[in-house]
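# Understanding the architecture of this molecule
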Amino acid sequence: MRVGRRLAKVDEQLEAVDLINTVRSIYGLSYRELSQVLDIPESLLCRYANGDLLPSLETVGLIKDKLKTMLDLTEVLRRNVTIKDGFIDLNNVLFNPNILKLFQRRVKEVFSDLPINRVLTAATDGIPLSVMASYALNAKLAIAKQYKDLASEEFYEVSYIVDSPPRKASLYLPKHLLERDDEVLIVDDIVRTGRTLNALIDMINNAGAKLAGVSVLISMNNSWIEKVRSKGARIDIVLDLSAENSREE
């Protein structure tokens, strides 16, 4: 029991150290600048960040409280996502491991109380996010692709319409990667029309699995929400741009 409490304390201390390094990376802050934010001496902050010394639990609470707004994932996305002429550039997000770790924390906070054992996404942009979600929930990962893997023989197949260029597309998933009664979290980077998301829901239904939740980084159109809610699934949208998108249209 005492060992368990000690480990829990160390976990909290290490989490605070990780937050220090994460905020420095995302905002490009020096130790001096961050020390002014946290009101912690620069030399002491440097020792925390380098792992030479772990902060007390009281200091851990202070660090979490003062960095909460700066490390809010919605705010981080607003600062790092580039939107121009309707095009969304997520390179600063999907290729930044510190921002991906914030997404992992978000998924754990929102969905960890659900019995999710499978994370499903469509290739390719959703893969980095889905990997972090699978870590957060200790769940297996399934990636639906627009082609059939040679190593597999049996597939789930669903079709949907894409706009650019207008055509019918299909998603394939080896059947052994999605099983009956799996509790599934769908992860998507950007939802524009909801067609890919709806196709993944159809794939889950075809497998006899259950949709437990949907995690969307950016939603440009919320017409898909009603269908997800009808399944009794939990929804988390990190950055909702549907209102801005409607005004532009």
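Above this text sits the structure in question.
In this report, the structure presented in the accompanying data block is examined. Since the model is a prediction, treat every value here as computed from it, not as a measurement. (Residues numbered from 1 in each chain as written. Predicted model: local features only at pLDDT ≥ 70, side-chain atom pairs only at ≥ 80, totals over all residues. Heavy atoms only, no water.)

Looking now at the pairing of strand 4 (residues 140-144). Working note: regular strand, side chains alternate between the two faces of the sheet. As paired strands, strand 3 (residues 118-122) and strand 4 are joined by 5 bridges and run parallel to one another. Bridge assignment links Val 119 to a residue of strand 4, and that residue is Leu 141. For the segment spanning strand 3, helix 8 (residues 127-137) and strand 4, crossover handedness is right-handed. (Pairing = 2+ DSSP bridges. Helix = DSSP H or I, 4+ residues; strand = E, 2+ residues; numbered from the N terminus. Right-handed = clockwise from strand over helix to strand, strands pointing away.)

Moving on, we get to the pattern of salt bridges. Evaluation of the coordinates by the stated rule reveals 9 salt bridges. Note that Glu 15 is salt-bridged to Arg 105, the shortest N-O span being 2.5 Å. Taken together, the positions of Glu 15 in helix 1 (residues 2-27) and Arg 105 in helix 7 (residues 97-111) put the pair 90 residues apart, joining distant regions of the chain. Judged by its relative accessible area of 27%, Glu 15 is partly exposed. Put simply, Lys 145 and Asp 149 hold a salt bridge, and the shortest N to O gap is 3.4 Å. Overall, Lys 145 belongs to the partly exposed group, its relative accessible area being 22%. What makes Asp 149 partly exposed here is its relative accessible area of 25%. One salt-bridge network, held together by shared partners, links Glu 15, Lys 64 and Arg 105. (Salt bridge = Lys/Arg side-chain N within 4 Å of Asp/Glu carboxyl O. Buried < 20%, exposed > 50% of the residue type's maximum accessible area, 1.4 Å probe, protein only.)

Moving on, we come to the side chain of Asn 98. Tracing the chain through its elements places Asn 98 in helix 7. At a separation of 2.8 Å, a polar atom in the side chain of Asn 98 contacts the side chain of Ser 25. Among all residues touching Asn 98, those that are not within four sequence positions of it are Thr 22, Ser 25 and Ile 26. (Polar contact = N/O pair within 3.5 Å; in protein donor to acceptor, adjacent residues only side chain to side chain. Contact = heavy atoms within 4.5 Å.)

Turning our eyes to something else, we now look at unusual backbone geometry. Thr 124 follows Ala 123 through a cis peptide bond whose omega is 10 degrees. Along the chain, the position of Thr 124 falls in the loop between strand 3 and helix 8. You will see that Asp 39, though not glycine, has its phi angle at about 60 degrees, which is positive. As for its position among the elements, Asp 39 is in the loop between helix 2 (31-38) and helix 3 (42-50). Given a relative accessible area of 63%, Asp 39 falls into the exposed group. Despite not being glycine, Asn 138 shows a phi value in the positive range, around 55 degrees. Within the fold, Asn 138 resides in the loop between helix 8 and strand 4.

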